[in-house]
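For reference, the chains in residue letters:
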Amino acid sequence: QVQLVESGGGLVQPGGSLRLSCTASGSIFSINNMGWYRQAPGKQRELVAATISGGRTNYAESVKGRFTISRDIVKNTLSLQMNSLKPEDTAVYYCSAYIATRSGGSGQTYWGQGTQVTVSS
């Protein structure tokens, strides 16, 4: 089995910062793409930032210049540094990873349980 566990959410004032972390554990053979998604009440889940093959990163336009995604390949961790937070960043943030397990197969996408980020004064 594979688990993704997020941490680091919370309540922050507008203009503040938070750092989210995600750790992948279990019977992992390899991890391909990893990313952060978010879902606000009444809205669809959307991509926030992702790391893709070759070390490239991809960001939603709404977070460019404010958020930074980083990955530790050795530790199987993914982080999201969020600066200059705005009320519209309020959402549940989910970690996602495409993982192949030691049991074989081409792999599948796994999701964490989500962590709440609330930006409010």
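Refer to the structure presented above.
Predicted model only: the values in this text are computed from it and were never measured.

**Q** Explanation requested: the overall build of the chain in the structure shown.
**A** Summing up its helical and strand segments, the chain has zero helices and 11 strands in all. When the helices and strands of the chain are listed from N to C terminus, the series reads β-β-β-β-β-β-β-β-β-β-β. A globule of 121 residues ought to have a C-alpha radius of gyration of about 14 Å, and the chain, at 14 Å, matches this closely. Seen through its C-alpha atoms, the chain measures out along the principal axes to roughly 50 × 25 × 25 Å. Within the chain, the proportion of its 121 residues that are buried is 40%. Put simply, of all contacts in the chain between residues at least 6 apart along the chain, 58% involve residues at least 24 apart. Carbon and sulfur atoms provide 47% of the accessible area of the chain, an area that totals close to 6600 Å².

**Q** It is not clear to me how the packing of aromatic side chains should be interpreted in this structure. Could you clarify?
**A** The description of an aromatic ring pair uses the distance of the two centres, along with the angle that the planes make with each other. Evaluation of the coordinates by the stated rule reveals one aromatic pair. Taken together, a centroid distance of 5.0 Å and an interplanar angle of 65° make the contact between Y37 and W111 edge-to-face. Separated by 74 residues along the polypeptide, Y37 in strand β4 (residues 28-39) and W111 in strand β10 (residues 108-111) bring together distant segments of the chain. On the accessibility criterion, Y37 (26% relative accessible area) is partly exposed. Its guanidinium or amino end placed over the ring of Y94, R45 lies 3.7 Å from that ring's centre, counting from NZ or CZ.

**Q** Would you explain the state of the cysteines in this entry?
**A** A covalent bond between the sulfur atoms of two cysteines is what we call a disulfide. Here the structure, examined in full by the defined rule, presents one disulfide. The partner cysteine of C22 in its disulfide is C95, sulfur to sulfur 2.1 Å. On the sign convention where negative means left-handed, the S-S torsion of about -75° between C22 and C95 marks this disulfide as left-handed. Taken together, the positions of C22 in strand β3 (residues 18-26) and C95 in strand β9 (residues 91-101) put the pair 73 residues apart, joining distant regions of the chain. By the burial criterion, C22 is buried, and C95 matches it.

Cut-offs used in this document
- Residues numbered from 1 in each chain as written.
- Predicted model: local features only at pLDDT ≥ 70, side-chain atom pairs only at ≥ 80, totals over all residues.
- Heavy atoms only, no water.
- Helix = DSSP H or I, 4+ residues; strand = E, 2+ residues; numbered from the N terminus.
- Rg over C-alpha atoms; globule rule 2.2 N^0.38 Å.
- Buried < 20%, exposed > 50% of the residue type's maximum accessible area, 1.4 Å probe, protein only.
- Contact = heavy atoms within 4.5 Å.
- Areas by Shrake-Rupley, 256 points an atom, 1.4 Å probe, with all protein chains shown as cover.
- Phe/Tyr/Trp six-rings, centres within 6.5 Å; stacked < 30°, edge-to-face > 60°.
- Lys NZ or Arg CZ within 6 Å of the ring centre and 35° of its normal.
- Disulfide = S-S within 2.5 Å.

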